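Residue-level structure breakdown
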Amino acid sequence: MKKEIREKLESVLEKNLDRLKEDGLADDIRKDLSTETKDLLAVLNSNEEMAMKAEADRTRCELEREKTQTMAAAEVKKSQFSWLRFGTELAGCLIPMLVGAKIYKDRQTDLLKFEENGHLTTTASRQLPGIGLFGEKLPKGRK
């Protein structure tokens, strides 16, 4: 609401309140003044609330616009090819695979290693029902 209209409404409200303070008013006039004052106050308050809501909406829209622009800039930066990012992603995949392959190789060589007399060298592999992946049995007669 414009400042001039707001000032006029406030002056009318002040006059109505001053008239309501008088003692010699009739009941019907007092009732009319009080309803008019109440209606003017409602108009004044609703306009203030609408202005506050409009300001809040404007601020929210600006924040959402900034957020969208920031997210778009981040997506553009992320979509650009970078050798550093490619290297870190490749290392993130290859290092665990290489470590796992090394551990698997070491365990398999320990499990499948024979001594000259045919006995397995590790305790875990001695408890297996067969040797290796094919389940080969030790020849009978050897211990």
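The structure we're discussing is the one just above.
1. Details of the pattern of salt bridges
- Applying the stated criterion across every chain yields a total of four salt bridges.
- Of the charged contacts, one joins Asp 57 and Arg 60 as a salt bridge, the two residues approaching to 3.5 Å between their closest N and O atoms. Placement of the pair is Asp 57 and Arg 60 together in helix H2 (residues 27-79), with a separation of three residues, close to one helical turn.
- With a relative accessible area of 41%, Arg 60 lands in the partly exposed category.
- Among the salt bridges present, the one from Arg 60 reaches Glu 64, with a minimum N-O distance of 3.3 Å. In this pair, Arg 60 and Glu 64 both sit in helix H2, four residues apart, roughly one turn of the helix.
- Judged by relative accessible area, Glu 64 falls into the partly exposed class, the value being 42%.
- Within the structure, one salt-bridge network assembled from shared partners comprises Asp 57, Arg 60 and Glu 64.

2. Things to note about a negative patch on the surface
- Residues Asp 27, Asp 28, Asp 32, Glu 36 and Asp 39 make up a contiguous surface patch of negative charge.
- Its place among the elements puts Asp 39 in helix H2.
- The exposure class assigned to Asp 39 is partly exposed, which follows from its relative accessible area of 48%.

3. Describing H2
- Here H2 spans 76 Å end to end across 53 residues, near enough to the 78 Å set by a 1.5 Å rise per residue.
- Listed as buried for H2 are Leu 33, Thr 37, Leu 40 and Leu 44.
- Close packing links the buried residues of H2 with helix H1 (3-21).

4. A few points about the packing of aromatic side chains
- In total, this model carries three aromatic pairs according to the counting rule given.
- For the pair Phe 81 and Trp 83, a centre-to-centre distance of 5.0 Å together with 85° between the ring planes defines the contact as edge-to-face.
- The exposure class of Phe 81 is exposed, given its relative accessible area of 57%.
- On the basis of relative accessibility, which here comes to 66%, the residue Trp 83 falls in the exposed class.
- Residues Trp 83 and Phe 86 carry aromatic rings whose centres are separated by 5.9 Å and whose planes lie at 90° to one another, so their mutual orientation is edge-to-face. You can see Trp 83 and its partner Phe 86 sitting in helix H3 (residues 83-112), three residues apart, about one turn around the helix.
- Clustering of aromatic rings is evident, with ring pairs tying together Phe 81, Trp 83 and Phe 86.

About the criteria used
- Residues numbered from 1 in each chain as written.
- Predicted model: local features only at pLDDT ≥ 70, side-chain atom pairs only at ≥ 80, totals over all residues.
- Heavy atoms only, no water.
- Salt bridge = Lys/Arg side-chain N within 4 Å of Asp/Glu carboxyl O.
- Helix = DSSP H or I, 4+ residues; strand = E, 2+ residues; numbered from the N terminus.
- Buried < 20%, exposed > 50% of the residue type's maximum accessible area, 1.4 Å probe, protein only.
- Patch = residues over 30% accessible without salt bridge, like charges linked within 9 Å, V, L, I, M, F, W, Y side chains within 5 Å.
- Areas by Shrake-Rupley, 256 points an atom, 1.4 Å probe, with all protein chains shown as cover.
- Lys, Arg positive; Asp, Glu negative; His and termini not counted.
- Charge placed at Lys NZ, Arg CZ, Asp CG, Glu CD.
- Expected span 1.5 Å × (residues − 1).
- Contact = heavy atoms within 4.5 Å.
- Phe/Tyr/Trp six-rings, centres within 6.5 Å; stacked < 30°, edge-to-face > 60°.

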